[in-house]
Amino acid sequence: MGCLGQSWLIWVTLLDLSISTLGISRLELFPYGPSAGDELLDSGNDQTRVFTLDHPLMFFDGKFSKIYVNTNGFIATATPAKEEEYLGKMPARFGMIAALLGDLDTSDGVGKVYFRQDSSPSTLQLAGDHVSRAFPDDDEVTPTHVFIVTWVDMTTHKVLSRGPGPHHRRNTFQLVIASVESTSYAILLYPRDGLKFLSTHNPDGRSSVIHAGFSKGQTGSSSWSRQGVYYRTTDDKEASVQSLSEKTNSGKRGVWVYEIGTHPYFTNVAPGEVTDLPPEDLADSGLYYPRQGQQQVVEYPTYHPVAEELEQVDLYQSPARPLPIHPVQYQPHQQQQQTDDLALLDSDIQVNVFSYNSDTCENNRQKCSPFADCKDHASGYCCHCRPGYFGNGKQCVSQGKPQRMNGKMHGRVYVGNSPYPVDFASNDLHSYVVSNDGRAYVAISAIPLGVGISLQPLAGIGGVIGWAFALEQPGYVNGFSIVGGEFTRKAEVTFLEGGEKLTITQEFKGIDQHDHLVVDTQLEGRIPELPQGATVQIDPYTEIYQYSNNIVTSSSTREYVVSLEDGTTETKKYQWRESVTYQSCAHDESARKVPQTQMLRVEQVFVMYDTTQQLMRYAMSNKIGDMNGGGGVDENACYTGRHGCDTNAMCHAGEGTQYTCKCASGFTGDGRICYDIDECRESPQVCSTHALCNNQPGTFRCECVDGYQFASDGQTCVEGDRPVDHCQAGSHDCDIPERARCSYSGGSAYICSCLPGYVGDGRSCQDIDECQPGRCHPDAQCYNTDGSFSCQCRPGFYGDGFYCSSEREKTRCETHRESALSASEPGPRGPRPLPGQYVPTCDVEGNYELMQCHGSIGQCWCVDANGLEISGTRTGPGSTPTCSGETGPIVRPTPRPDIYPLPAGTNLLFSQSGRIEYVPLDGYSMKKSEAKTALHLPEKVVVGVAYDCVDKMVYWTDITTPAISKASVQGGDTIPIIRSDLGSPEGIAIDHLSRTMFWTDSMKDRIEVASLDGAQRRVLIDTDLVNPRAIIADPVNGFLYWCDWNREAPKIEASHMDGTNRRLLARDGLSLPNGLTYDPQSSLLCWADAGTHKMECMNPSQSDRREVTEAIQYPFGLTAYGKNLYYTDWTRNAVITVDRHTGRELEEFHPQKKSRLYGITAAYAQCPSGQNYCSVNNGGCTHLCLATPGGRTCKCPDNAVGVSCVESEGRY
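Residues numbered from 1 in each chain as written. Predicted model: local features only at pLDDT ≥ 70, side-chain atom pairs only at ≥ 80, totals over all residues. Heavy atoms only, no water.

### Remarks on the sheet that holds strand β62 (residues 985-991)
The pairing of strands in a sheet comes from backbone hydrogen bonds and takes either a parallel or an antiparallel form.
Next up, step 1: Here we have four strands laid out as an open sheet, ordered β62-β63-β64-β65, and antiparallel in their pairing. Strand pairing shows two members of the sheet lacking a second neighbour, β62 and β65 (1017-1021), which therefore form its edges. In this sheet, neighbouring strand axes are inclined to one another by 25° on average, regardless of whether the strands run parallel or antiparallel.
Next up, step 2: Inspection of the sheet shows β62 paired to strand β63 (residues 996-1001) by five bridges, in the antiparallel sense. Bridge pairing in β63 links Ile990 to Met997. (Pairing = 2+ DSSP bridges. Helix = DSSP H or I, 4+ residues; strand = E, 2+ residues; numbered from the N terminus. Axes fitted to C-alpha atoms, helices over the stretch in contact; angles between N-to-C directions.)

Structural data, given as structure tokens:
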């Protein structure tokens, strides 16, 4: 280098030192221009050039061999759309890396866009230096390929009205893509003099702030797609753009580095970690020195607007906070928390405070919880939970009272190396926590076997309720006390062995009318595969939670032990990072004082996947306290949870190890036993005029009567506009019921959602073709159906379609049974066990039946999945135990106050969502004032109800679980009877003489029978059924009747109770036959049709069909008692009485709860007279006795094996 060149370098160095706080200069950009080997993009506006890369770009989870360079400050991974489709309308539908996106132009010949691919050692070294400086804790990065785009002196396409003319306002910036073998980084350089305008006009004439960021574009198939991740590094304010040249995430002002893609596994865009700047010195001035053998030749156009900017910069400006990341990721930027940084995806994180305005409590008190007080502050108002309650003021719950969480789980999870995901569509998630000792239980339903085993390590999916209601140590508070019930939780799980990543997003929507915390859960990503039969044990662990303004972050490394079927174990780890964002009240600083750091101790972790029920179960104990993790041996029982207080009681610590128990608010007792207080009964005037009181466990609710609504004070009911339930009225715009569900959400609002197996916005739903390659086993055939699919092994193979084998492998039960039968003697129908020999029974899948019996000694007992006897379940001759298959605590409705015993006499039982109610009959008239709730069943949709007059039990079908259950009408727990192999059980009927029950399944399209304990089960009819609903039994005469509301061919049919002699009773003139009933006194079969709006009757043996009444609205359930017919109506939300002889409507009853009414039945004071051939000694049958006209049929259950069951027909 000559003297002139040396003088130039010294001058530039001194200049750089003198303005080191100003950022990089143009000289510090990567070399660009023709002399650097660049290509030049065509001049103009919205110009694009495609470039083929020697090494593919990794962007998010994709690999791209071609990129598209555009005038408007970005490169794309696909052909860009026209600029009017994305300018001012971000995110774009195509993949985009926006260095500085705006409506830019090079038509004047001054602005240039240069680009090239470069693999020279000096360029690779410079790129590697930037990346390594930005990620100091990672291994040093040495790129193998670099792609450089430089936008030089760019001007706006349309001149903005304010400020200097366009020739004085030009932007210069640079994007460098540096790639190693499986990872790509974006390096963005913004010189201190390079940003002269911060907004551009959009094609529609509006002005928009230019911005930078990364957009994945739309993902999915051609028939269905959704917007992918959109990571913005600037927001919608010009100050954030100006900051690009003044701040950094790489330790060098004006230089920003991001990890933007890895292949094949990638979840988050990761920004550089160095946001602070070190002291500037000559050795690290940031000046770029040409390396030996390389010439630094930078070509500039004639325009050089540099010097005029120097005096405008504040040389003493302190480093500001890093730029907020707008809609898709949160990244904590506090330097001391770098190890806990968390990157999260796919939704906005809005870290704000409560949307309190500056008004006072006078007009906003109703925005607080009913159990909170409103307090005015200088700048606004805040809500504070009253003593005995805890929460954030907007939502408060009673201290000491157990809490529940309900919701749905959606998402897509890849297992192991499988290229095909497992989809979750509205899987039920339920959780229960005993808040006075921190124990939490979580259950997730309908988890397929292919993913259930591998989900066992992820107890944290539902563990958030453990943090929310953790047992508090002195001076520390659990999550709900801080954030309330409305918050967003995002977690990222990274499995350390294979690098798989799973993202968990949970939206908590507050407390519903049942006092349950409501949550929506989304899973996306990949998890390692665990082999079939593997179990998981999670050791106790701790997690540090760090609290700042409206955000909580935590991270931990968790170990789990996998036990394989061969007895070997493996210890594995994953890293857990999460953040919780919420809104607090900004007006009361004292209320926002939270310990900056708290530690959650999670102990007694239990995980299990129930292969039979397809249930994922987690349980754990949670305590929140200081970093030391709690006290010593003499710690007070209130802080350990090892006290004797009732689950509805608070534990108050005294001196030393002393403590007292006090019932939670809404309960009474000595603290060790607590009973619910019926506030509605003890304080009849607790609600205002025109309001009804609804007692609930631990509390009560006031509900305005129909035609009234709450005034602004939240207490007084005033006359208002009658809300319209468009779901019931049929005036909604949701798709048809076969594809979508309309959910009434209060007022006149409703929500449309597609049913499982369909995709769309609820107003338009399309069937998902699940039969993609790999969905079924290679030796199976996939059959796509409307809303579902099925897999069936090909002829010659055995299995469930997801796994097929030419040889059927014997299960543990089958091997056990075969061994027992080998020690047998020959019999007339096959091997016969030796006297005294116990032979286990297996179900159709080869698993142990839940109940096992020893015929020789007449004893029965319950077993677990391994066939081991469950202690305390063995019964003697003549009785059988109830075996539910539950291994964890069963959360059931309690006798107080959910069960109201039926009064003497005849009652009408009818079902609504979440409850079964009754109204007594006085003669044939309804005693409306004495109507009560017989059973609370939160979150359940109870469709069919039936009554067993012998045992005084009510039976019902539930389509949400799905399940068939029963409970005593005199008070008692819910007893699940059947919970497997059900689709949508609807109608149900009881044969009180034969002690059997019958039900229809409109999803399985079949009619089944079972013993009343559910142990013996058989399919009776499974052909020529489309939408079977109501079913009626005539035990005395031996007939079954049912209706099928198939819209193409509705019909009413009959058969003998064994399923034989099936015949058509009515077909013409039907549309939507819903309700069906049989009156044994008149021998009339009657039905109600919601399509023809008629009620008709006929004698099944004479076919003398006649119309009872017409112009009914939307009947659903129907029952007969004496001269009257009683039906439920969806439009009127009522139980309506019709005189069967005159067709005249006599009265109607509107239940307190305004929602759809489903099934209805009469609960007789005494059983109807009559006998059949199964009434005595089970008709001589070994198993199922099914009545027929003049006789009976003995049938074996579908899962019967061996010679212990004998089938026969006729009399005995």
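### Quick look at the sheet that holds strand β73 (residues 1106-1110)
Next up, step 1: Taking strand neighbours across the sheet as the criterion, the four strands line up as β70-β71-β72-β73 in an open arrangement whose pairing is antiparallel. Where the open sheet ends on each side, the last strands, each with one partner, are β70 (1073-1079) and β73. Within the sheet, the average angular offset between the axes of one strand and its neighbour, ignoring direction, is 20°.
Next up, step 2: For strand β71 (residues 1084-1089) and strand β72 (residues 1094-1098), the ladder comprises five bridges, and the chain directions are antiparallel. Each residue of the ladder has a partner; that of Ala1088, found in β72, is Met1095.

### Points about the environment of Val1176
Next up, step 1: The residue Val1176 is located in the loop between β78 (1157-1163) and β79 (1184-1188) in this model.
Next up, step 2: In this structure Val1176 comes out as exposed when scored by relative accessible area, which is 54%. (Buried < 20%, exposed > 50% of the residue type's maximum accessible area, 1.4 Å probe, protein only.)

### What about helix α11 (residues 812-822)?
A turn of α-helix holds 3.6 residues, and therefore any two residues three or four places apart point the same way.
Next up, step 1: The set of residues buried in α11 consists of Cys813, Glu814, Arg817 and Ala820. Seen from one end, α11 has its buried residues packed into an arc of 125°, which puts them on one side. Those residues of α11 that are exposed and aimed more than 90 degrees away from the buried face are Arg812 and Ser822. (Arc of directions from axis to C-beta.)

### With respect to the environment of Ser748
Next up, step 1: Mapped onto the elements of the fold, Ser748 is located in the loop between β44 (740-744) and β45 (750-754).
Next up, step 2: Linking Ser748 and Asp725, residues 23 residues apart in sequence, is a C-alpha distance of 5.6 Å.
Next up, step 3: Setting aside its immediate chain neighbours within four residues, Ser748 contacts Pro723, Val724 and His726. (Contact = heavy atoms within 4.5 Å.)

### Details of the packing of aromatic side chains
Next up, step 1: Following the criterion strictly, the structure yields 32 aromatic pairs and no others.
Next up, step 2: Ring centres 4.7 Å apart and planes at 65° place the aromatic pair Phe59 and Phe60 in the edge-to-face group.
Next up, step 3: In this structure Phe59 comes out as buried when scored by relative accessible area, which is 2%.
Next up, step 4: Grouped by ring-pair contacts, the aromatic residues Trp467, Phe487, Phe508 and Tyr545 constitute a single cluster.
Next up, step 5: The lysine or arginine in question, Arg558, covers the ring of Trp576, its NZ or CZ lying 4.3 Å from the ring centre.
Next up, step 6: Arg1156 extends its terminal NZ or CZ atom over the ring of Trp1130, reaching a point 3.9 Å from the ring centre. (Phe/Tyr/Trp six-rings, centres within 6.5 Å; stacked < 30°, edge-to-face > 60°. Lys NZ or Arg CZ within 6 Å of the ring centre and 35° of its normal.)

### Focus: the pattern of salt bridges
Next up, step 1: The tally for this structure, following the rule as stated, stands at 48 salt bridges.
Next up, step 2: One salt bridge connects Arg874 with Glu869, and the closest N-O pair in it is separated by 2.8 Å.
Next up, step 3: A relative accessible area of 39% places Glu869 in the partly exposed class.
Next up, step 4: Taken together, the shared-partner salt bridges in this structure form one network comprising Asp981, Lys1004, Arg1006, Glu1008 and Arg1017. (Salt bridge = Lys/Arg side-chain N within 4 Å of Asp/Glu carboxyl O.)

### Brief notes about the environment of Tyr420
Next up, step 1: You can see Tyr420 is positioned in the loop between β23 (403-415) and β24 (422-434).
Next up, step 2: By relative accessible area, Tyr420 is classed as partly exposed at 35%.
Next up, step 3: C-alpha of Tyr420 to C-alpha of Gly774: the two residues are 354 residues apart in sequence and 6.7 Å apart in space.
Next up, step 4: Beyond its immediate chain neighbours, meaning those up to four positions away, Tyr420 contacts Tyr414, Pro773 and Gly774.

### What to know about the nonpolar core
Next up, step 1: Judged by nonpolar contacts, the single largest core of 63 residues is most densely connected at Leu455, Leu458, Ile461, Trp467 and Tyr618.
Next up, step 2: Residues contacting Tyr618, with those up to four places away along its chain left out, are Ala440, Tyr441, Val442, Ile444, Leu455, Gln456, Leu458, Ala459, Ile461, Phe606 and Val607.
Next up, step 3: Core analysis: the second largest hydrophobic core is formed by 41 residues, Leu175, Phe197, Leu244 and Phe266 among them. (Core = buried A, V, L, I, M, F, W, Y, C linked by side-chain atoms within 4.5 Å.)

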